[in-house]
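Understanding the architecture of this molecule
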Amino acid sequence: MTSPAPAAEPLLSEGPSPARPGRTPVPRRLGASMPTWGLIAAKHLELRKRRGLMVVVAVMTVAPTVLILGLRLAFHLFDPASYGPAGTPSVFAATANLMAEFGFIVAAVVGAAAATTDLNDGVFRYLVITGRSRLALYLARIPAGLAILVPAVALAFTMLCLVTSYEAVPQPTSVSMNNNISIPSHLGQAQLQTWVVQHPGQAKQAFLPGGPASGPIQPGNIRDFATDYANYTSAEDAQFNPPPNEMFKIGLWLELEVGIGFLVGLGLGSLTGQRTLSTILLIGLEIIVTPILARTAIPYFLDGQRLDVGVAMDQLRPAGFAPAGGGGPGGGLLFGGRGALGIPPMPTWAMISVIVGWIVVWSAVGAWRMMTRDT
């Protein structure tokens, strides 16, 4: 009589398997949804190895600054009588505005690429079946992409600041207003009022049409100077190079602009799964939709205009970051461009809420889509 064969062990156990002799059970790692350094480095390497993408980043961030400043320096070196120094306020404003517009676009391109490369290469399912958290896979893309964009923008802006500081024209001691009337620079609003009272004839010409000196000026009969002081400070910003502290603020603003472009591109690319479509939509937002919403107040839609992150960023724009030449308020260098707002500004809390909202919402949407995407 044969003994019964032992029961076969199930291939898949419903409970946890017993620890093998000589091995210590490994507890579940806390924070499994957070990306590891190796995962971030791998995604960063994957983006850097895409030569076409790196060429786009270099051409749209560093190359324009090098080309503009290099030509200006060369022209001034060989023909200083015809070409002024490279570090002029107009060159700084034009180059910085170009950097802002191109920076948002190239950040959107990198963000869309970071979100869709795994899908387009057909490796997303293999990343999922390894057991890695999908949230960790998404979050790893954020520092990996920003590690490419932030240094590139910082390098270009540093070169611009150095040339502006060391190859600048002598800074004037007065601000030129209408009819070539000169007003001392760096005046506060109360100091400007005092100057107007002391120079009524020049003030009438400097602030034409109308202005604080359009009527009799007496120390106790000074009208509201808010608009005219704003014109005075705008003229000062356009005629003077920004001081170092203002350059620092402009640099931080540019990095925030690039960071928002990347995060929105990453979220939209993850949502659509298509790099080209996401890039086209964000380019249209930057060069068509935002300039229209920032320039003209649409009746009964002002609050809707303020929901655009570009409008909020234009309001946050540092005072020394004057818009480049162009027609109308907010005139810029490209396609009508972006710059100073042409609509009533929103409250500070609303501006911050719009900026933070775009960052949080698009990051959440992108992460949700990656976590629910079929493999």
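Residues numbered from 1 in each chain as written. Predicted model: local features only at pLDDT ≥ 70, side-chain atom pairs only at ≥ 80, totals over all residues. Heavy atoms only, no water.

1. Describing the overall build of the protein chain
Within the protein chain, the secondary structure is distributed over 14 helices and two strands. Counting every position in the protein chain, which comprises 375 residues, the buried fraction comes to 42%. Sequence-distant contacts in the protein chain: of pairs separated by 6 or more residues, those separated by 24 or more amount to 77%. Split by element, the accessible area of the protein chain, about 20200 Å² in all, is 65% carbon and sulfur. (Helix = DSSP H or I, 4+ residues; strand = E, 2+ residues; numbered from the N terminus. Buried < 20%, exposed > 50% of the residue type's maximum accessible area, 1.4 Å probe, protein only. Contact = heavy atoms within 4.5 Å. Areas by Shrake-Rupley, 256 points an atom, 1.4 Å probe, with all protein chains shown as cover.)

2. So, the nonpolar core
Counting residues in each nonpolar core, the largest one holds 71 residues, and the members touching the most others are Phe157, Leu254 and Phe262. With 15 residues, the single largest contributor to this core is helix 3 (residues 89–121). Core analysis: the second largest hydrophobic core is formed by 14 residues, Val196, Ala206, Tyr232 and Phe240 among them. (Core = buried A, V, L, I, M, F, W, Y, C linked by side-chain atoms within 4.5 Å.)

3. Some thoughts on the pattern of salt bridges
Under the definition given, this model contains five salt bridges. Taking the shortest distance from any N to any O, the salt bridge between Glu46 and Lys43 comes out at 3.4 Å. Remark: Lys43 and Glu46 occur in helix 1 (residues 37–48); sequence separation between them is three residues, near one turn of the helix. Residue classification places Lys43 among the buried positions, given a relative accessible area of 5%. A salt bridge links Lys43 to Asp118, with the nearest nitrogen and oxygen atoms 3.5 Å apart. (Salt bridge = Lys/Arg side-chain N within 4 Å of Asp/Glu carboxyl O.)

4. Considerations on the packing of helix 10 (residues 244–272) against helix 13 (residues 309–316)
Running from amino to carboxyl end, helix 10 crosses helix 13 at an angle of 170°, the nearest separation of the two axes being 11 Å. By the angle class used here, helix 10 and helix 13 are roughly antiparallel. The segment helix 10 lies against helix 13, with Trp253, Leu256, Glu257 and Ile260 engaging Val309, Met313, Asp314 and Leu316. Classifying every residue of the contact of helix 10 with helix 13 by side-chain character gives six nonpolar, no polar and two charged. (Axes fitted to C-alpha atoms, helices over the stretch in contact; angles between N-to-C directions. Parallel < 35°, antiparallel > 145°, perpendicular 65-115°, else oblique. Nonpolar A, V, L, I, M, F, W, Y, C, P; charged D, E, K, R; others polar.)

5. Comments concerning the confidence of the model for the protein chain
Scored by pLDDT, the protein chain has a mean of 80; 81% of the residues are at 70 or more. Long-range and interchain partners of residues 7–30, a stretch whose pLDDT sits below 50, account for two contacts in this model, where long-range means more than four residues apart. Low pLDDT, under 50, characterises residues 210–222; the predicted model gives this stretch 19 contacts beyond four residues in sequence or across chains. (pLDDT = per-residue confidence, 0-100.)

6. Regarding the side chain of Thr117
In this structure, Thr117 sits in helix 3. Other than its neighbours up to four places away in sequence, Thr117 contacts Lys43, Glu46 and Arg50.

7. Things to note about helix 13
A turn of α-helix holds 3.6 residues, and therefore any two residues three or four places apart point the same way. For helix 13, a buried count of six out of eight residues is recorded, marking the element as mostly surrounded by other parts of the structure. Those residues of helix 13 that fall on the buried side of the exposure criterion are Val309, Gly310, Val311, Ala312, Met313 and Asp314. Elements that come into contact with the buried residues of helix 13 comprise helix 10, helix 11 (275–295), helix 12 (302–305) and helix 14 (348–372). You can read the cap of helix 13 off the contacts: a side-chain oxygen lies 3.1 Å from the backbone nitrogen of Gly310, and it is on Asp308. (Polar contact = N/O pair within 3.5 Å; in protein donor to acceptor, adjacent residues only side chain to side chain.)

8. What about the environment of Thr296?
Along the polypeptide, Thr296 turns up in the loop between helix 11 and helix 12. Taking C-alpha positions, Thr296 is 6.1 Å from Gly342, a pair spaced 46 residues apart along the chain. The residues touching Thr296, leaving out its near neighbours within four places in the chain, are Gln305 and Ile343.

9. Points about the packing of aromatic side chains
Taken as a whole and judged by the stated rule, the model has two aromatic pairs. When the ring of Phe75 is compared with that of Tyr83, the centres are 5.0 Å apart and the planes differ by 35°; the resulting orientation is tilted. With relative accessibility at 39%, the residue Tyr83 sits in the partly exposed group. (Phe/Tyr/Trp six-rings, centres within 6.5 Å; stacked < 30°, edge-to-face > 60°.)

10. With respect to helix 2 (residues 51–78)
At Ala63, helix 2 shows its largest kink, close to 45°, and the proline Pro64 lies no more than four residues downstream. Among the residues of helix 2, Leu53, Val57, Met60, Thr61, Val62, Pro64, Thr65 and Leu69 are the ones counted as buried. Lining the buried residues of helix 2 we find helix 1, helix 3, helix 6 (141–166) and helix 11. (Bend = angle between axes of the 7 residues up to and from the residue.)

11. Points about a nonpolar patch on the surface
Where nonpolar side chains cluster on the molecular surface, the patch consists of Leu67, Leu71, Phe75 and Tyr83 and spans about 390 Å² of accessible area. With respect to the helices, strands and loops of the structure, Tyr83 is situated in the loop between helix 2 and helix 3. (Patch = residues over 30% accessible without salt bridge, like charges linked within 9 Å, V, L, I, M, F, W, Y side chains within 5 Å.)

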